[in-house]
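Structural features, examined
Take a look at the letters that make up each chain.
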Amino acid sequence: MSRAALVFLLCCALPASLGSGALAADEPALRVLVLDNAPPMSFRDESGQLTGFSVEIARAVCSEMRVNCAFDVVTQSALLPTLSQGKADIAAVGLLETPERRTKMLFAKPYYRSMSLWLARSGVSPGQAGVKVAVVGGSAQEAYGRKQGWEMHPVATHGELGAPLVSGEAQAVLVPMITGISLQKNAAFRQLDLATTVLQAPELGGDASFGISPYRPELQKEINAALERIKRNGTYDRINSRFLPFRVS
Amino acid sequence: MIKSLQAIQAGRAFALLAALFVTAFGAAVVLLALDQQRVIEATSRLQEQTVPEIIRFQRLARNLEQLRQEGERIFAVSSHASRQQSMFVVTLIASHPSILEHPGAAQLARETEQFLGDVVRQAVADDRRPAMRYDEWQRLAARLGMQVDDVSIQGINLANNDLVVATSAMKLARSKLMMALILVGVFLLGFMIIVRRHLIQPLQQINLALSTLSADRPAPEFKPSTMLEIQAVEESICEHHALLIQNEETRQVLEKLANKDGLTGLMNRRHFMQSAEVELQRAQRYRRPVTVAMADLDLFKKLNDTYGHAAGDAVLRAFAELVQDTLRQSDLVCRYGGEEFAFLFPEIGPAETEKLAERLRARCDAMEVPLPDGRSVKATVSIGLADASECPIEIALKRADEALYEAKRLGRNRVVLSGPPVPESAFENEPDTRTASLF
């Protein structure tokens, strides 16, 4: 009878280990998408290493989940199709959860809160005729602008947003708040002396979360648990202080 | 109160007590479990909801502090670019959802943003303006500092609620546990008292009764017991005692029967021999005189043949009655054979015994025995005496028997005393013929 009990115990243990979902160190890594040239969220440092607030948060979450992460760099416009087609597992980008996006992918719990900024010379307000608005192609800001019927000037990456204004191709820029911080660090941009207005609209601000491939629903629970843990144990705050001037949670 | 209850089965009584205890204790455990649940709920609420809230408050405090620092920086730096950067951060913080959530913080942040925005704009025009407004800034900064403290304390105190709930629940649980322990103690005490009073003490009394149970002592008395099983044992002890008495009586009856001769009511031969042995030894030890005698009803067979066995029995009975009437209290007599009787007379010598025997013979001679059919018969007896103070009973009886034989030979209906002991060889030739008057 003791042998039968042993076999029974083994059979119980096996599914537990299989179903835990935690991948061992030598199992295939999670494919994580990040943006390029979007400081301070996601960029390459002097040595060419990928870093930034989103990237480091993603690394911390992967380490908390005890899995390997393989980072892939994409543009904002390519991000959503790649994820929703299942060619990647996680999008380590601050995505605003919209009804349209909800049909294509899953969302983790938010890891920061954001709003959008309208940067233009004082007197230049949204919706004015002849105002070209620089936005990142494929972003929520672009979608909002098109809906409002503005003239858009899309660019590929966040880092390129400053150039159209400096060159005069665009008169205003609609950016997520954190991108605005890095724009302000640019001296040429600063010299334009643009005024900052916070645009309050549900499509433009709110909770920003990682995206999860619709083919990997089991990742949602694990990522949320890992996020909760790093928010409590100080890891999140350290990364916050490293890249951003205030608490963005 | 316990005595007035009817007796119940011990098993049922203890089952009832156990059920009562289990119910009471179960209720106590359930109440304790409720308290435990409250504590668990409070602590898990603390962990799941309150701690994230506390963290949120801490981050809010941090952002307010950051506002203050950016403001200080605006006053500290001299380059417009740096001021612009700090002002930008101030704008972002003041509009961030984390600040807007908290009405007090939102209000203060808006004020700060407006003030600092003014300062920065004025600084563009006149570089000295900021210094003039520093005092104003310090008041604002102080308010920001106080708001930071308030928010921090608010956050920490969120935990208080849950902790107070948990603490009060634990205190309640502690007092409930104490009550449960007291309950257990009371039950145990009550249980022990009951066991002692209704089981152990009755058992001790039963043990005492059993150890002194005997036919000579009175029947044991028990207090009415409350346990049916104990009562049953006590009743069976009383029954046993009655049985002992019955047995004793039966034994005595049997003994008597074993010692008596059924027809005459006299001792039987066996019993006589036992008693005579004892009496003889006593007499010989203290050197007292003692005499034995053998008597035989004359021509008894002829009487049986003539008048029938019933008549013979009647004669035997009558003679036995006569003997008992004539003899003294201490004399032993038994029916030795069919019509033979043996006697032992303690404390008297042959001479006095002869007188006694003579009296018996005479009375027998005079006796008329009525028969059932109306007739009456007479009988005579021959008696032989022998001194038994210096020889064993068998020898004495043998000599008395020889004297009896002599009496028969001399013509019956007489008493003959045995002479001094004759050497063994003489017995083979002829019996002793000397008369009683030798002594």
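Residues numbered from 1 in each chain as written. Chains lettered and ligands numbered in written order. Predicted model: local features only at pLDDT ≥ 70, side-chain atom pairs only at ≥ 80, totals over all residues.

**Topic: the overall build of chain A**
Stated formally: Going along the chain from the N terminus, every DSSP run of H or I of four or more residues is numbered as a helix, and every run of E of two or more is numbered as a strand. Our exposure labels follow a C-beta count within 10 Å of each residue's own C-beta, placed from the backbone: buried means 20 or more other C-beta atoms, exposed means 12 or fewer, and partly exposed covers the counts in between. By the convention adopted here, residues make contact when the C-beta atoms placed from their backbones lie within 7 Å.
Regarding its fold elements, chain A presents ten helices and 13 strands. Every one of the 249 residues in chain A was classed for burial, and the buried ones make up 43%. For chain A, the proportion of contacts with a sequence separation of at least 24, taken over those separated by at least 6, is 71%.

**Details of the overall build of chain B**
A count of helices and strands for chain B gives 13 helices and eight strands. At a minimum sequence separation of 6, the contacts of chain B that also span at least 24 residues come to 70%.

**Points about the interface of chain A and chain B**
Spelled out, the test is: Three classes are used: nonpolar for Ala, Val, Leu, Ile, Met, Phe, Trp, Tyr, Cys and Pro, charged for Asp, Glu, Lys and Arg, and polar for all others, with Gly counted as polar.
At the junction of the two partners, chain A supplies 13 residues and chain B supplies 18 residues. When the residues that make up the side of chain A that touches chain B are grouped by side-chain class, the tally is five nonpolar, three polar and five charged.

**Digging into the environment of Arg121 of chain A**
Residues and elements named next belong to chain A. Relative to the elements of secondary structure, Arg121 occurs in the loop between β8 (116-120) and β9 (132-136). Taking the number of C-beta atoms within 10 Å as the measure of exposure, Arg121 has 12 and is therefore exposed. Considering only alpha carbons, one finds Arg121 and Asp193, 72 residues apart in sequence, at a separation of 7.0 Å.

**What to know about helix α5 (residues 140-148) of chain A**
An α-helical turn contains 3.6 residues, so any two residues separated by three or four positions project in the same direction. Residue and element names in this part refer to chain A. When α5 is considered as a whole, its buried residues turn out to be Ala140, Gln141, Glu142, Tyr144 and Gly145. Packed against the buried residues of α5 are β5 (90-96), β8, β9, β10 (151-155) and β11 (172-176). Count one or two residues on from α5 and you reach Gly149, which has phi positive near 80°.

**Regarding the packing of helix α4 (residues 103-125) of chain B against helix α6 (residues 134-211) of chain B**
Residues and elements named next belong to chain B. Formally: All axes are obtained by fitting lines to C-alpha atoms, using only the stretch in contact for helices, and the reported angles, taken between N-to-C directions, cover 0 to 180 degrees. Between 65 and 115 degrees an angle is taken as roughly perpendicular, under 35 as roughly parallel, over 145 as roughly antiparallel, and anywhere else as oblique. Here a crossing is called left-handed whenever its near helix is offset anticlockwise from the far helix by less than a right angle, and right-handed whenever the offset is clockwise.
Here α4 crosses α6 at 155°, and the two axes come no closer than 11 Å. Overall, the two elements α4 and α6 adopt an arrangement that is roughly antiparallel. For the crossing formed where α4 meets α6, the hand is left-handed. In contact with Gly104, Ala105, Leu108, Glu111, Thr112 and Phe115 of α4, α6 contributes Leu140, Arg143, Leu144, Gln147 and Val151. When grouped by side-chain class, the residues that make up the contact of α4 with α6 number six nonpolar, three polar and two charged.

**Some words on the pairing of strand β3 (residues 332-335) of chain B**
Every regular strand shows the same layout, with side chains that alternate between the two sheet faces. Residues and elements named next belong to chain B. Rules: Pairing between strands is defined by DSSP: at least two bridges between the two strands are required.
The two faces of β3 match: Leu332 and Cys334 on one face and Val333 and Arg335 on the other face are all buried. Of the pairings in the sheet, the one linking strand β1 (residues 267-268) to β3 comprises two bridges and is parallel in character. Looking at the pairing, Asn268 lines up with Arg335 of β3. The pairing of β3 with strand β4 (residues 340-346) spans four bridges and is classified as antiparallel. Across the sheet, the residue bridging to Cys334 is Ala342, located in β4. Hairpin geometry of β3 and β4 is characterised by an intervening segment of four residues between the two adjacent antiparallel strands.

**Quick notes on the sheet that holds β8 of chain A**
All names here are of chain A. On the basis of which strands lie adjacent, the open sheet formed by five strands has the order β10-β9-β11-β8-β12 and mixed pairing. If you trace the sheet from one side to the other, it starts and ends with β10 and β12 (195-199), each paired once. Direction aside, the axes of adjacent strands within the sheet are offset by 30° on average. In the sheet, β8 pairs with β12 via five bridges, with the strands oriented antiparallel. Each bridged residue has a counterpart across the sheet, and for Ser116 the counterpart in β12 is Leu199. Here helix α7 (residues 177-185) sits on the sheet and contacts β8 and β11; the angle it forms with β11, its principal contact strand, is near 120°.

**Comments concerning the sheet that holds β4 of chain B**
Residue and element names in this part refer to chain B. If you walk across this open sheet you meet the six strands as β1-β3-β4-β2-β7-β8, and the pairing is mixed. Edge positions in the sheet fall to β1 and β8 (415-417), since each has one partner strand and no second. Both strand β7 (residues 381-387) and β8 contribute to a ladder of three bridges, which runs parallel. Considered in β8, the bridge of Ile383 is made with Val415.

**Focus on the packing of helix α10 (residues 309-326) of chain B against helix α11 (residues 350-366) of chain B**
Residues and elements named next belong to chain B. Contact geometry for α10 and α11: axes closest at 10 Å, N-to-C directions at 140°. It follows that α10 is oblique to α11 by the angle criterion. Two packed elements cross with a definite hand, and for α10 against α11 that hand is right-handed. Contacts between α10 and α11 pair Phe319, Leu322, Val323 and Thr326 from the former with Arg359, Leu360, Arg363 and Cys364 from the latter. Considered class by class, the residues forming the contact of α10 with α11 number five nonpolar, one polar and two charged.

**Brief notes about the nonpolar core**
For soluble globular proteins, nonpolar side chains are generally found buried alongside one another. Stated formally: Under the definition applied here, buried Ala, Val, Leu, Ile, Met, Phe, Trp, Tyr and Cys residues are grouped into a nonpolar core through C-beta atoms within 7 Å.
One finds Leu33, Ile90, Ala91, Ala92, Val173 and Ile212 of chain A together with Ile93 of chain B to be the most contacted residues of the largest nonpolar core, which totals 95 residues. Those residues in contact with Ile212 of chain A that lie beyond four places of it in its chain are Ile90, Met105, Leu106, Phe107, Ala108, Leu219, Gln220 and Ile223 of chain A. By size, the runner-up hydrophobic cluster in this structure holds 47 residues, among which are Leu280, Leu356, Val381 and Leu417 of chain B.

**Remarks on unusual backbone geometry**
Of the consecutive residues Pro39 of chain A and Pro40 of chain A, the connecting peptide bond is found in the cis state with omega at -5°. Counting through the fold element by element, Pro40 of chain A comes out in the loop between β1 (30-35) and β2 (43-44). In this structure, Glu347 of chain B is a non-glycine residue whose phi angle is positive, near 70°. With respect to the secondary-structure elements, Glu347 of chain B resides in the loop between β4 and α11.

**Focus: the confidence of the model for chain B**
All names here are of chain B. Heads up, the rule is: Confidence scores labelled pLDDT are given residue by residue by the predictor and lie between 0 and 100.
Taken over all residues, the pLDDT of chain B has a mean of 88, while the share at 70 or more is 94%. Averaged over each element, pLDDT in chain B is lowest for helix α13 (residues 424-429) (50) and highest for strand β2 (residues 290-297) (94). With a pTM of 0.63, the predicted complex shows an ipTM of 0.82.

**Remarks on the pairing of β9 of chain A**
Residues and elements named next belong to chain A. Filter applied, for reference: Handedness rule for crossovers: strands pointing away from the viewer, path from the first strand over the helix to the second running clockwise, crossover right-handed.
Counted residue by residue, β9 has four buried out of five residues, so it is predominantly covered. Pairing analysis gives five bridges linking β9 to β10, with the strands arranged parallel. For Val135, the partnering residue across the bridge sits in β10 and is Pro154. The parallel pair β9 and β10 is bridged by α5, and the resulting crossover is right-handed.

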